[in-house]
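# Coordinate inspection notes
Now for the letters of each chain:
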Amino acid sequence: MPDTLLARLDSAESAQSYRLAYRAAQAEHDQLSRMRQEHYASERNNVFRLLLETSKLRSELLKENLVLGNKQVTALSKTYLVDLYR
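Each residue is numbered by its place in its chain's sequence as written, counting from 1. In keeping with the predicted nature of the model, local features appear solely for residues at pLDDT of at least 70, side-chain atom pairs appear and are counted solely at 80 or more, and the whole-chain, interface and lining totals rest on all residues. Heavy atoms from the whole structure form the basis of all side-chain values; hydrogens and water molecules are not counted.

Before going further, it helps to examine the pattern of salt bridges. Side-chain pairs of opposite charge can arise whenever the charged atoms involved come near each other. A side-chain nitrogen of Lys or Arg and a carboxyl oxygen of Asp or Glu constitute a salt bridge if their distance falls within 4 Å. Overall, the coordinates contain 1 salt bridge when judged by the stated rule. We note a salt bridge from Asp-83 to Arg-86, for which the minimum N-O separation is 2.2 Å.

Before going further, it helps to examine helix α2 (residues 13-67). A helix here means a DSSP run of H or I that spans at least four residues, while a strand means a run of E at least two residues long, and both kinds are numbered starting from the N terminus. Here the expected length of a helix is defined as 1.5 Å per residue gap, with one fewer gap than residues. With 55 residues, α2 extends 81 Å between its outermost C-alpha atoms, agreeing within 8% with the 81 Å of an ideal straight helix rising 1.5 Å per residue. Turning to α2, its buried residues number three or more, namely Ala-15, Arg-19 and Asn-65. Gly-69 lies just past α2 and shows a positive phi near 90°. Throughout, exposure labels follow a simple rule: accessible area from a 1.4 Å probe, protein chains only, divided by the maximum for the residue type, with under 20% read as buried, over 50% as exposed, and the rest as partly exposed.

Time to look at the packing of aromatic side chains. Classification of ring pairs uses Phe, Tyr and Trp, with its six-membered ring standing for Trp, and accepts pairs whose centres are within 6.5 Å; under 30 degrees between planes counts as stacked, over 60 as edge-to-face, and the remaining range as tilted. In total, this model carries 1 aromatic pair according to the counting rule given. A ring pair is formed by Tyr-18 and Tyr-22, whose centres lie 6.3 Å apart and whose planes are at 25°; its orientation type is stacked. Of this pair, Tyr-18 and Tyr-22 both sit in helix α2, separated by 4 residues, roughly a single helical turn.

Residues with a pLDDT of 70 or more make up 94% of the protein, whose mean pLDDT is 88. No element of the protein has a lower mean pLDDT than helix α1 (residues 3-8), which averages 70, and none a higher one than α2, which averages 93. The pLDDT value expresses, per residue, how confident the predictor is, ranging between 0 and 100.

This is the structure we're talking about:
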């Protein structure tokens, strides 16, 4: 806030209303910034939780395939290896 200018115009009615409006806008900005940070943290935690759950499901599916005798799930195909090499 331009305090030096407002200090010179302190007696002006508009300076006081400007000060109040500026503080209200600053408080609103601070509140929105906190809400944004909380939202991002929540979203990041949700994505991480989803990643963990899908990893567990993938692991269980792989184990179940091995129990049922499907060994192809652990074999690497030539196409896959060529793709990795690219």
